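# A structural walkthrough
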Amino acid sequence: MGSDSDKDPDIESDSEGKVSRQHSQSSCPTEDDDDLNIHLGPKVSLKEHLEKDKDDESLRRWKEQLIGSVDASAVEENQEPDVKILSLAIVTLGRADMLLPITEGENPKGLWFTLKEGSLYRLKFTIKVSNEIVCGLKYTSTVWKTGIKVDSSKEMLGTFSPQADPYTHEMPEETTPSGIFARGQYTARSKFVDDDNKCYLDINYTFDIQKDWAKH
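Residues numbered from 1 in each chain as written. Predicted model: local features only at pLDDT ≥ 70, side-chain atom pairs only at ≥ 80, totals over all residues. Heavy atoms only, no water.

Within an unreviewed UniProt entry, the label attached to the chain reads Rho GDP-dissociation inhibitor, and the organism entered is Salvia splendens. The UniProt entry for the chain carries this comment under Subcellular location (unreviewed entry): "Cytoplasm". Note on the chain: under the UniProt heading Sequence similarities (unreviewed entry), the record states "Belongs to the Rho GDI family." (UniProt positions renumbered as here; feature names shortened; annotations may be inferred.)

Structure below.
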């Protein structure tokens, strides 16, 4: 997530080491988001999509493949998409997934998770979409160590139609840094924003990188 400053105002300075895409930072409009702005033309509501050409069987089937089977009579006009990020999991080969539930409107308290230095991992999100199609959903993140921004990342997740079951989206594999300067505590800020720059989750948290995984 973008920020107007490279420093986290709550932390002091001086740091070394770069974090491999561990997620995090600023408010919904960001200075770095221009390269992800995809202009898709006039917005057409889900109800309009469903009603248009509804008597054409081949088009109806094609639309169902794209947006799923949705009851047009249950869809209201001009509803805003409702996107909830239900959970985050850290997926590492040979270990049980580390599930991190997300409470809407709250930041995780204390240390949220620990990563082992030099380990391969993926982030996996569970996302629930209701009411309307959400276009161009993207994930942005910035990470600081002792007040200095050490990493930022952006990932376009895609366009999602409403459905009863949550979507699962897995991010590309990353590697945590290693070495004495990489170990320690980090602060991060992550956001989920759509093509209209509507923010569905803006979360601040702390995590650390250590020689080994945390003992539970």
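Of note, the phi angle at N131 is positive, near 75°, even though the residue is not glycine. Along the polypeptide, N131 turns up in the loop between β4 (120-130) and β5 (134-145). On the basis of relative accessible area, N131 is assigned to the partly exposed category, the value being 32%. (Helix = DSSP H or I, 4+ residues; strand = E, 2+ residues; numbered from the N terminus. Buried < 20%, exposed > 50% of the residue type's maximum accessible area, 1.4 Å probe, protein only.)

This brings us to the environment of D82. Along the chain, D82 turns up in strand β1 (residues 82-91). Judged by relative accessible area, which is 28%, D82 ranks as partly exposed. Each C-alpha atom, one on D82 and one on S130, is 5.0 Å from the other, the two residues being 48 residues apart in sequence. In this structure, D82 is in contact with K128, V129, S130 and N131, ignoring residues within four places of it in sequence. (Contact = heavy atoms within 4.5 Å.)

A separate point is the pairing of β5. For β5, a buried count of 11 out of 12 residues is recorded, marking the element as mostly surrounded by other parts of the structure. Both β5 and strand β6 (residues 148-160) contribute to a ladder of 10 bridges, which runs antiparallel. Residue T140 lies in a different strand from β6, and its bridge partner there is K154. Pairing of β5 with strand β9 (residues 184-193), which is carried by seven bridges, proceeds in the antiparallel orientation. Residue pairing for β9: Y139 is matched across the bridge by F192. (Pairing = 2+ DSSP bridges.)

A word on the sheet that holds strand β3 (residues 111-116). Pairing in this open sheet of five strands is mixed, and the strands run β3-β10-β9-β5-β6 from one edge to the other. In the strand order of this sheet, the two ends are held by β3 and β6, each with one partner. The mean inter-strand angle of the sheet, taken between neighbouring strand axes irrespective of direction, is 25°. (Axes fitted to C-alpha atoms, helices over the stretch in contact; angles between N-to-C directions.)

Let's shift gears to the environment of L99. In this fold, L99 is placed in strand β2 (residues 98-101). Between the C-alpha atom of L99 and that of L88, which follows or precedes it by 11 residues, the distance is 6.1 Å. L99 has contacts with S87, L88 and A89, leaving out every residue within four places of it along the chain.

Quick look at the environment of P108 now. In this structure, P108 sits in the loop between β2 and β3. For the pair P108 and T206, spaced 98 residues apart in sequence, the C-alpha separation works out to 8.1 Å. Setting aside anything within four residues of it in sequence, one finds P108 in contact with I203, N204 and Y205.

Glancing now at the packing of aromatic side chains. Evaluated as defined, the whole model comprises 10 aromatic pairs. Each ring, one from F125 and one from F192, has its centre 4.9 Å from the other, and the planes form 90°; the classification is edge-to-face. Within this pair, whereas F125 is found in strand β4, its partner F192 is found in strand β9, the two being separated by 67 residues in sequence. By the burial criterion, F125 is buried, and F192 matches it. Measuring from centroid to centroid gives 5.2 Å for Y186 and F207, while their planes differ by 10°, and the two rings are stacked. Taken together, the residues Y186 in strand β9 and F207 in strand β10 (residues 199-210) connect sequence positions 21 residues apart. Through a chain of ring-to-ring contacts, three or more aromatic side chains come together here, namely W112, F113, Y186, Y205 and F207. (Phe/Tyr/Trp six-rings, centres within 6.5 Å; stacked < 30°, edge-to-face > 60°.)

In this section: the pattern of salt bridges. What the rule picks out here adds up to seven salt bridges. The residue K124 makes a salt bridge to D97 at a minimum N-O spacing of 3.2 Å. Pair noted here: K124 is in strand β4 and D97 is in the loop between β1 and β2, with a separation of 27 residues, a long-range link. Here K124 falls in the partly exposed class, since its relative accessible area comes to 22%. Across the salt bridge formed by E106 and K109, the nearest N and O atoms sit 4.0 Å from each other. A single network of salt bridges, built from pairs that share partners, joins D82, K84 and E104. (Salt bridge = Lys/Arg side-chain N within 4 Å of Asp/Glu carboxyl O.)

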